Structures are given as structure tokens and as C-alpha cells.
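Each chain is listed here by its residues.
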Amino acid sequence: MPENLPAADPSRRLQAIRVEESCLDLPLTRRIIARAGDLPVEVVADRPDPAPVPVPYPHSLTAGKRLLHLGRNRGRFLKPCPATRQYRCCDYQVLNIGANCPMDCAYCILQAYLNNPWLSFYVNIDDLLGELDQALADSPGSLHRIGTGEFTDSMALDRLTGLSATLIEYMAQRDNAVLELKSKAVVLDHLADLDHRGRTIMAWSLNSAEVMAKLELHTADLETRLNAAAQCAAWGYPLAFHFDPIICHPGWEEAYRATIRRLFAVVPAQSIAWISLGAFRFLPALRGVISSRFPRARFIHEEFVPGLDGKFRYFRPLRTRMYQVLLDELSRGAASHTCIYLCMENDAIWQAVFGFTPEERGGLPAMLDATLPPR
């Protein structure tokens, strides 16, 4: 797919930029504005009131995805993944580079999580790198798995920000950390010649063809994502894939099997470090948001049960069946070193799906660490 199509580069959907006054002269701000071309730029006060939008929440989310707000992160950049101790967590650390995303997935949990409808990106990158320096220096004997894709898409704005290249080059010089860049977009050309030393994992979310077509709006399609992954493998990057959320829909078994078969037909299995599986789960407030913004979406009206983390989930037998079907197909093509794991599930489901619990293999963090290049 040509790079200038929004599905490959969703930053081209932007219509305007707002910059907080104290950030206007920061080097990254200047680079973003220069790369944005003729997009209108408005300078606003620091910590401004919400930008006016013509419609109330949640429909304001649609307009907000066209507005990029450049500001300063005044809190911490690096935080533990917001997990729940009742479910098995991989000890992932979130590097918070911004919030929201120009793409529009109907199931996105951020619709019920964020306070502002617009896209936010933090331009005080020196503070971010300084915080990383301190965190990695404080625990030199620990391996930090860090990702930027928790509150935004890692690559969706990268044509403008160039942040991924900065982080890849930073991580290449650290032996006690790896970076995962997870995306549904394809913005890659500037990553081709970087000396990444295998310390950055390029990752994509995958789903069934129906879910991708109907529920993941303004994203790159399956073939585009897989071809991008194959290109990154050719450049020596380790890869990861995330089947999350797995969504129940008519014909889901064969639909997910077809996606997995296509994955291994296009992408070299030896390049894949890990693959996660996670069934659809959501905050209670999300049901009303989805029904309002996507009235034809039926997936939100299936039967769900409250989980230990306060999120609604499919009943255990259905979740177990989903994981078993995907694992069966993944096992046919995955390399022996690839870690296939469940995201935020309990030991009972691990035992039913895999026949063991993470603790029996040294814990989920150790399982993932074992797939990484030597330190």
C-alpha cells in the first residue's frame, strides 16, 4: 500500500494542531510542525480547557481524532502496566508518549478511559529519556520490557514525530531493556537503516478479516500489516503479534485460523519472539459508548460476566474454547522459541489451554525474557 494512504499512515487524517505555549520552541515541536506541512497550528495556554467540539461526548471522539495536541507530560512517563493481581501479568512497563489515536477501533477501551477527545502527544522528550536513564540505572540487573502502545498506537503519528527512531537508537545502547512498538499502522521507511541490535520488537495487532474490516476503521489491512512485519524481519527486527481482542462472531473459528495461516505464509516464524492471546474485555462504561458511536456493532451485546478486574468478559468456557482454537492453529506454524501466552487470564484458564500455569515455567516474565536476544 502506498505510504500516503491514511490506512497505512493515519497521521494524514489530521486536520489541525494545537501547541501549548511553553512547548512551542521545543525541538520536537518544531520538527512536528515542519513535517505537518500546511496543517493549521494554534498556540494555546498551558493546560488549556478542552477544545470546543460541535457535538457532545462520546461523538466528540470522532472530531477529536483529527486534532493533535502537543503538550508537556507533567507526570511520570514510565509506569507498570495497569494489571490486576488476580490475573497473570507479564510485568510489562508502559512508556506513556501520548493518548488516543487517529484510527478508530469500535472496541477500543480508550473511548471509556480518556478525559479528552483529541490526540495528545508529549514533546518534552528530554524528560522522557532522562526518566528512562534513571529507571534503567536503578535496576541494572533487571530486564525491562517497555512498550509505548498502551494509551496510543506506537506508530500512528511517527511520520510527524519520528519518536520511534529516537527510542530504537536509545534502546540499542542498553542491555537491560527492550522496546516493543505495537501498531495497526505501517510507517516504516525511516526505520530501515537503524542499528537496533535486536533491542526493539516490532509488533502488530491482528484479528479476523471480518473484525478488521468492520471494527478497525482507518487501519492497515491484514496483508499490509503482514508485509510490513516481513520487511521488518528482513531488517533484523524481532517481531511480536497480538490477537487481542479476540471477538466472538459467526464463523470466528475458521476466520481466526485463516488469519493465522496467512501470518505464517508471509512472516518468517523464526523472527517471532512472542504472540499474545486476549479475549475481548471492557469497562462497563464502554458498552454505552460503543452503542452510541457504532450502533450497528453487535459484538457488545453478547453475554458477558464481570471479571475480578471490574471488566466484563466472555464466560470462561467460551474464552477457553477461543484460546484453544487459536493455540491449535498457532502451534502448527510457530517456531519452538516463540512464547505464546495469554494476556490477563487466571491459572485455571492457563491450565485448561496449555496444560500448565506460568509459575510452573518460572513465571510469565521469565517465559517472555527467554525469547529475547542475549544481553
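Our structure is the block above this text.
Read on for a plain summary of the structure. (Residues numbered from 1 in each chain as written. Predicted model: local features only at pLDDT ≥ 70, side-chain atom pairs only at ≥ 80, totals over all residues. Heavy atoms only, no water.)

### Details of the sheet that holds strand β16 (residues 305–306)
- The strand order across the open sheet built from three strands is β15-β17-β16, with neighbouring strands paired in antiparallel fashion. Of all strands in the sheet, those bounded by a partner on one side alone are β15 (281–282) and β16.
- In this structure, β15 lies alongside strand β17 (residues 312–313), joined through two bridges in antiparallel fashion. When the bridges of β17 are listed, F282 appears paired with F312. (Pairing = 2+ DSSP bridges. Helix = DSSP H or I, 4+ residues; strand = E, 2+ residues; numbered from the N terminus.)

### Quick notes on empty space enclosed by the protein
- Overall, the coordinates contain one cavity of 30 Å³ or more when judged by the stated rule.
- In this structure, the largest cavity spans a volume of roughly 100 Å³.
- As for the largest cavity, its lining consists of 16 residues, and the residues nearest its centre are I97, F121, D153, S154 and L157.
- Contributing elements (two or more residues each) for the lining of the largest cavity: β8 (119–122), α4 (158–161) and α5 (163–171).
- In terms of residue count, the dominant contributor to the lining of the largest cavity is α5 (three residues).
- Split by residue class, the lining of the largest cavity holds seven nonpolar, seven polar and two charged. (1 Å grid on protein atoms, 1.4 Å probe; cavity = no way out; pocket = protein on both sides within 12 Å on 5 of 7 lines; lining within 4 Å. Points joined across faces, edges and corners; volume = space filled by probe spheres on them. Nonpolar A, V, L, I, M, F, W, Y, C, P; charged D, E, K, R; others polar.)

### Description of the packing of aromatic side chains
- Scanning the entire structure with this criterion turns up eleven aromatic pairs.
- Seen from their ring centres, Y113 and F151 are 5.7 Å apart, and the 20° between their planes marks the pair as stacked. In this pair, Y113 sits in the loop between β7 (104–105) and β8 while F151 sits in the loop between β9 (144–147) and α4, placing the two residues 38 residues apart along the sequence.
- The exposure class assigned to Y113 is partly exposed, which follows from its relative accessible area of 44%.
- A relative accessible area of 18% means that F151 is categorised as buried. (Phe/Tyr/Trp six-rings, centres within 6.5 Å; stacked < 30°, edge-to-face > 60°. Buried < 20%, exposed > 50% of the residue type's maximum accessible area, 1.4 Å probe, protein only.)

### Quick notes on unusual backbone geometry
- That bond from D244 to P245 is cis: its omega, 10°, falls within 30 degrees of zero.
- Here P245 shows up in strand β13 (residues 239–246).
- Positive phi outside glycine occurs at H218, with the angle close to 65°.
- A positive phi angle is found at M344, which is not glycine, with a value near 55°.

### Looking at the layout of surface pockets
- Quantified by volume, the second largest pocket comes out at close to 560 Å³.
- A99, N115, N116, S120 and Y122 are, among the 24 residues lining the second largest pocket, the residues nearest its centre.
- Contributing elements (two or more residues each) for the lining of the second largest pocket: β3 (67–71), β6 (98–99) and β8.
- Top element by residues in the lining of the second largest pocket is β8. It accounts for three residues.
- Its residues assigned to classes, the lining of the second largest pocket comprises eight nonpolar, ten polar and six charged.

### As for the sheet that holds β8
- The mixed open sheet is built from five strands, whose spatial order is β2-β1-β3-β8-β6. Looking at strand neighbours, the two that pair on one side only are β2 (41–44) and β6, the edges of this open sheet.
- Sheet topology note: the strand β1 (residues 16–20)/β3 ladder contains four bridges and is parallel. Looking at β3, one finds that A16 is bridged to L67.

### Some details on the nonpolar core
- Among the nonpolar cores identified, the biggest contains 116 residues, and L68, L132, M202, W204, L239, F241 and F243 are the most heavily contacted of them.
- In this structure, M202 is in contact with M155, L181, L188, L191, C232, Y237, P238, L239 and A240, ignoring residues within four places of it in sequence.
- Counting six residues, the second largest nonpolar core, distinct from the first, contains Y92, L110, L114 and F151. (Core = buried A, V, L, I, M, F, W, Y, C linked by side-chain atoms within 4.5 Å. Contact = heavy atoms within 4.5 Å.)

### Points about the side chain of N176
- With respect to the secondary-structure elements, N176 resides in the loop between α5 and β10 (177–183).
- By relative accessible area, which is 9% here, N176 ends up buried.
- Of the polar contacts made by the side chain of N176, one reaches the backbone oxygen of L136; its length is 3.0 Å.
- Looking at N176, its side chain comes within polar contact range of the main-chain oxygen of S139, at 3.3 Å. (Polar contact = N/O pair within 3.5 Å; in protein donor to acceptor, adjacent residues only side chain to side chain.)

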